[in-house]
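Fold and contact review
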Amino acid sequence: MSGPATTPGTAEVELAIGGMTCASCAARVEKKLNRMDGVEATVNYATEKAKVTYRGDDVSVGDLIATVEATGYTARPPAPPAGAGARDGGAAGEGPGADGAAGADADDLRDLRQRLFTAVVLSVPVVAMAMVPPLQFANWQWLSLALAAPVVVYAGWPFHRAAWTNLRHGAATMDTLISVGTTAAFLWSLWALFFGTAGMTGMTHPFELTISRSDGAGNIYLEAAAGVTAFILAGRYFEARSKRKAGAALRALMELGAKEVTVVRGGREVRVPAEELRVGDRFVVRPGEKIATDGTVVGGRSAVDASMLTGESVPVEVAVGDAVTGATLNAGGRIVVEATRVGADTQLARMAKLVEDAQNGKAAAQRLADRISAVFVPVVIVLALATLAGWLLGGAGVTAAFTAAVAVLIIACPCALGLATPTALMVGTGRGAQLGILIKGPEVLENTRRADTVVLDKTGTVTTGRMTLLAVHTAGETGATGEAGDAGEAADAAEVEVLRLAGALEDASEHPVARAVAAGAVARTGALPAVEDFVNVPGLGVQGVVDGHAVLVGREKLLDAWSIGLPDELARARDAAEAAGRTAVAVAWDGEARAVLEVADAVKDTSAEAIRRLRALGLTPILLTGDNRTVAEAVAAEVGIDREHVIAEVLPQDKVDVVRRLQAEGRSVAMVGDGVNDAAALAQADLGLAMGTGTDAAIEAGDLTLVRGDLRAAADAIRLSRRTLGTIKGNLFWAFAYNVAALPLAAAGFLSPMIAGAAMAFSSVFVVGNSLRLRGFRAVT
């Protein structure tokens, strides 16, 4: 159950903690665990996980769970591995334990949704009758009681339960204030209905803003009790729904692996589940299939597309003796691979571990409301008790004293505070979705304000992520004779002929470079002619007969094998292409070199504009890629990134190290990426922006998702996030301003609970209206 030992006699375990409602809950669990002998624990509220190092001789996982449960929360041990296969790795999200955890999360969310539905349906008529006098028919107050009781007791039960847990441990959070306020309002309403004058037939509840010292015997506050419960439950529900995806990045990583594999056993090829692979097994990988696990090629040649793991846009040629990585794609011929690493030892599993460590290493996102409530809640409760005592000592009756104390609790009850974050977030995220921007939660917004450096993955982010035919250089194109128009027409005709013949031949190949040439040829010439005697020359190119011409397309070495040399102008074109980081493809037919084609991962048309917008937001762009430096610097120059800000030829784990190094320099780092190789770096960065056109692993690891796949959306996402954060802060300020300003009036008896409820409602309306202004956000065009 435990992870690898950190030092002799110690072990590590990660527990899933349930029942935490704010950052103070995480602090309480962490404090209790650290009080155990030989235990060091870090509890992350954002991921709801506890990472614990303990002495295995003195403490067991069961002891740790028991301590958490004694503190008032739940804990689950890690899920057991699914097996020893290529996809287990002991990773979160796999195995039966993970299914149970996911089921528990779904049950919690379903329960919260049912409570929210109950609260909304029953609270609307209660609030309407209290605030609109014409709706107050005879004995309306008793219907209000019948409707409000289930809201306060059933729907609000999570708040009461948390408040009781906090009380037992001598703590107070927003749950305490919600529970005390709604319970006090409800109990006072019961007293007024059964023992005061509020239960009399014909009683009305005028909605007026007057200051009077009423004894409160004729007033009920059921709308405050029910409305506050419904509003706060709505915020909790949306928060819980977003946090439910905590382990999605790891599951997305592990889903990349092959599900089945063709193993060679006893001279026969047998199809088996990938998890049954063992070190030393030999398995067949056909064109278009994923490589099941890390291994060494023992038969055949091919081109392997590793862009999903390494970010390298050009497929890598592999032959006997070369190492290959699990989850990469065989884009060429049939190969036989001997497995060298399986399970937790594979590169894919190690990357999953990197993502997990980066996520757990993030500081707990302690929301602004919780930070303020740490002081605000105890002060309000003490003030309410002081008000009650002061009025009693001053000679006022019990009814008047209790009325003033309830008014203090009601005016401080955090209705607007509960709306401040979810309403701004819902409006901001709704507007973002219309613009192709997905914001995962309020905890990421603070990081958008602090970010000063943006690290950009190259492949699929700044570039298209696919090979594209960029240029055609034909022999004699600079030495054509005749009028300019005739020369241009001759050059065009030569290009069309080159593309017809080369494209037809490349169309018969599955190599990504060949697919780029064929696609470019189809776009320029239309239908391609048929090919005869097609031969794939491993590692060099292809040859065949097209329209009666013996055509060669591939590396210069392929032409050398046929004693065909490149003329000077084509050699210069080849050198220029390679200097620019592009792949040069030679074309020859009938014993003569005819052209050089330039193929590369093309830069997106919008990338240069996106870089300018990011600079305008005060961010320093850095290009980070697994490609070679020549390619990286060429791309950087094209989009306007300084050469000193190019970091090339990095492995996936190196990307995480680069982000950490920048953070160690005091920078707040935003990371934009789209591949699996970016997932760990996205999780490690202070702000992760995932391109929605990328892999699920990158999308789930990011804090913001850019659905459009347009890098300009990154600038819009940061602008929208900063605007949303500003709105949340404004909401929090005004929510407290209304309440705090009225607290002295309530304590002095100049504010009845009814007026307190009205002021609280007005602050809620203000907060909602302020949040709706985000609907006017516009993307820069």
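Owing to the predicted nature of the structure, the values given are computational and were not obtained by experimental measurement. Counting from 1, residues in each chain are numbered in the order their sequence is written. Per-residue local features of the predicted model are confined to residues with pLDDT of at least 70, and side-chain atom pairs are confined, for both listing and counting, to 80 or more; whole-chain, interface and lining totals are unaffected and use all residues. Processing note: side-chain calculations cover all non-hydrogen atoms of the structure and skip hydrogens and water entirely.

**Concerning the overall build of the chain**
Inclusion rule: Elements are defined by DSSP. Helices are runs of H or I of four residues or more, strands are runs of E of two residues or more, and each kind is numbered from the N terminus. Any residue under 20% of the maximum accessible area for its type is buried, any over 50% is exposed, and the rest in between are partly exposed; the area is computed with a 1.4 Å probe on protein chains only. The contact rule is simple, with two residues in contact once any of their heavy atoms fall within 4.5 Å. Using a 1.4 Å probe, the Shrake-Rupley method yields the accessible areas, and only the shown protein chains count as cover for residues.
Check the secondary structure of the chain and you find 26 helices and 26 strands. The buried share of the chain, taken over its 781 residues, is 52%. Considering only contacts in the chain between residues 6 or more positions apart, those separated by 24 or more positions represent 70%. Total accessible area on the chain is roughly 32,100 Å²; 57% of this is exposed by carbon and sulfur atoms.

**Describing the packing of aromatic side chains**
Quick note on the threshold: Note on aromatic contacts: the rings of Phe and Tyr and the six-membered ring of Trp form a pair at centre separations within 6.5 Å, being stacked when their planes are under 30 degrees apart, edge-to-face when over 60 apart, and tilted otherwise.
Evaluated as defined, the whole model comprises three aromatic pairs. On the numbers, 4.9 Å between centres and 25° between planes, the contact of Trp 188 with Trp 191 is stacked. Of this pair, Trp 188 and Trp 191 both sit in helix H6 (residues 174–194), separated by three residues, roughly a single helical turn. Assessed through its relative accessible area of 30%, Trp 191 is described here as partly exposed. Centroid distance Phe 733 to Trp 734: 5.2 Å. Interplanar angle 80°. Geometry classified as edge-to-face. Overall, Trp 734 belongs to the partly exposed group, its relative accessible area being 37%.

**A word on the nonpolar core**
Definition in use: Among buried residues, those of type Ala, Val, Leu, Ile, Met, Phe, Trp, Tyr and Cys that are joined through side-chain atoms within 4.5 Å constitute a nonpolar core.
Counting 45 residues, the largest nonpolar core has Leu 456, Val 672 and Leu 689 as its most contacted members. At nine residues, the largest contribution of residues to this core is made by helix H25 (residues 712–748). Listed in part, the 35 residues of the second largest apolar core include Ala 155, Ala 192, Ile 220 and Val 406.

**Topic: the packing of helix H4 (residues 140–155) against helix H5 (residues 157–168)**
The condition is simple: Interaxial angle, 0 to 180 degrees, is taken between N-to-C directions of lines fitted to C-alpha atoms, where a helix line uses only the stretch in contact. If an angle is under 35 degrees, it is roughly parallel; if it is over 145, roughly antiparallel; if it lies from 65 to 115, roughly perpendicular; otherwise it is oblique.
One can describe the packing of H4 onto H5 by two numbers: an axis separation of 5 Å at closest approach and a directional angle of 45°. Comparing their axes, H5 and H4 come out oblique. Taken together, the residues of H5 that come into contact with H4 (itself represented by Val 152, Val 153, Tyr 154 and Ala 155) are Trp 157, Pro 158 and His 160.

**Considering the pattern of salt bridges**
The test is simple: Salt bridges, as used here, are contacts in which a Lys or Arg side-chain nitrogen is within 4 Å of a carboxyl oxygen on Asp or Glu.
For the coordinates displayed, the defined rule picks out 26 salt bridges. The partner of Arg 500 in a salt bridge is Asp 547, and the shortest N-O contact between them spans 2.8 Å. Residue Arg 500 is found in helix H16 (residues 484–506), and its partner Asp 547 is found in the loop between strand S18 (541–546) and strand S19 (549–554); the two are separated by 47 residues along the sequence. By relative accessible area, Asp 547 is classed as partly exposed at 45%. The salt bridge partner of Arg 594 is Glu 592, with a shortest N-O separation of 3.8 Å. Classification of Glu 592 by relative accessible area gives partly exposed; the value is 43%. A single salt-bridge network, built from bridges that share partners, covers Glu 260, Arg 271 and Glu 289.

**A word on unusual backbone geometry**
We note that Asn 139 has phi near 65°; this positive angle belongs to a residue other than glycine. Mapped onto the elements of the fold, Asn 139 is located in the loop between helix H3 (95–131) and H4. Exposure remark for Asn 139: the relative accessible area of 30% places this residue in the partly exposed category. The phi dihedral of Glu 649 is positive, around 55°, even though this residue is not glycine. Locating Glu 649 in the fold gives a position in the loop between strand S23 (646–647) and helix H22 (652–664). On the basis of relative accessibility, which here comes to 54%, the residue Glu 649 falls in the exposed class.

**Remarks on H4**
The criterion, for reference: Given the number of residues in a helix, its expected span is that number minus one, multiplied by 1.5 Å. The term bend refers to the angle at a residue between two fitted axes, each drawn through seven residues, those ending there and those starting there.
The first and last C-alpha atoms of H4 sit 22 Å apart over 16 residues, in line with the 22 Å expected at 1.5 Å per residue. Remark: the principal bend of H4, roughly 30°, maps to Ala 148, with a proline, Pro 150, within the next four residues. Among the residues making up H4, those that are buried are Trp 140, Gln 141, Ser 144, Leu 145, Leu 147, Ala 148, Val 151, Val 152 and Ala 155.

**Considerations on the sheet that holds S18**
Operational definition: For two strands to be treated as a pair, DSSP must find no fewer than two bridges joining them.
Spatially, six strands are ordered S16-S21-S20-S19-S18-S17 in an open sheet, and the strand pairing comes out antiparallel. A single partner strand is all that each edge strand has here, and the edge strands are strand S16 (463–474) and strand S17 (531–537). Taking the axes of each pair of neighbouring strands and ignoring which way they run, one obtains an average angle of 20° across the sheet. With six bridges joining them, S18 and S19 adopt antiparallel strand pairing. Within S19, the position partnered with Gln 543 by the bridge is Leu 552. Packed on one face of the sheet, helix H19 (residues 568–579) meets S16, strand S20 (583–589) and strand S21 (592–603) and runs near 15° to S21.

**Description of the side chain of Ser 607**
Looking at the secondary structure, you find Ser 607 in helix H20 (residues 607–616). Filtering out sequence-adjacent residues up to four positions away, Ser 607 remains in contact with Thr 461, Val 462, Val 639 and Leu 711.

**Concerning the UniProt feature "transmembrane region" (unreviewed entry) in the chain**
Heads up, the condition is: UniProt positions are given in the numbering used here, feature names are shortened, and annotations may be inferred rather than shown by experiment.
Per the UniProt annotation, the sites labelled "transmembrane region" (unreviewed entry) are residues 116–134, 140–157, 177–200, 220–238, 372–394, 400–421, 731–748 and 754–772. Between the C-alpha atoms that bound residues 140–157 the distance is 25 Å, and the span itself is 94% helix and 0% strand. A distance of 31 Å separates the end C-alpha atoms of residues 177–200, which is 75% helix and 0% strand.

**Some words on helix H21 (residues 629–639)**
Among all positions in H21, only Val 631, Ala 632, Glu 633, Val 635, Ala 636 and Val 639 are buried. In this fold, the buried residues of H21 make contact with helix H15 (458–462), S16, S21, H20, strand S22 (620–624) and S23. Trailing H21 by a residue or two, Gly 640 shows a phi angle of about 95°, which is positive.

**Description of the environment of Thr 262**
The condition is simple: Any pair of N or O atoms that falls within 3.5 Å is considered a polar contact. Within protein, one atom must be able to donate a hydrogen and the other to accept it, and sequence-neighbouring residues count only if both atoms are side-chain atoms.
Its location among the elements puts Thr 262 in strand S5 (residues 260–265). Judged by its relative accessible area of 4%, Thr 262 falls in the buried class. Along the sequence, Thr 262 and Phe 283 sit 21 residues apart, while their C-alpha atoms lie 5.4 Å from each other. Engagement of the side chain of Thr 262 in a polar contact is seen with the side chain of Arg 271, the distance being 2.7 Å.

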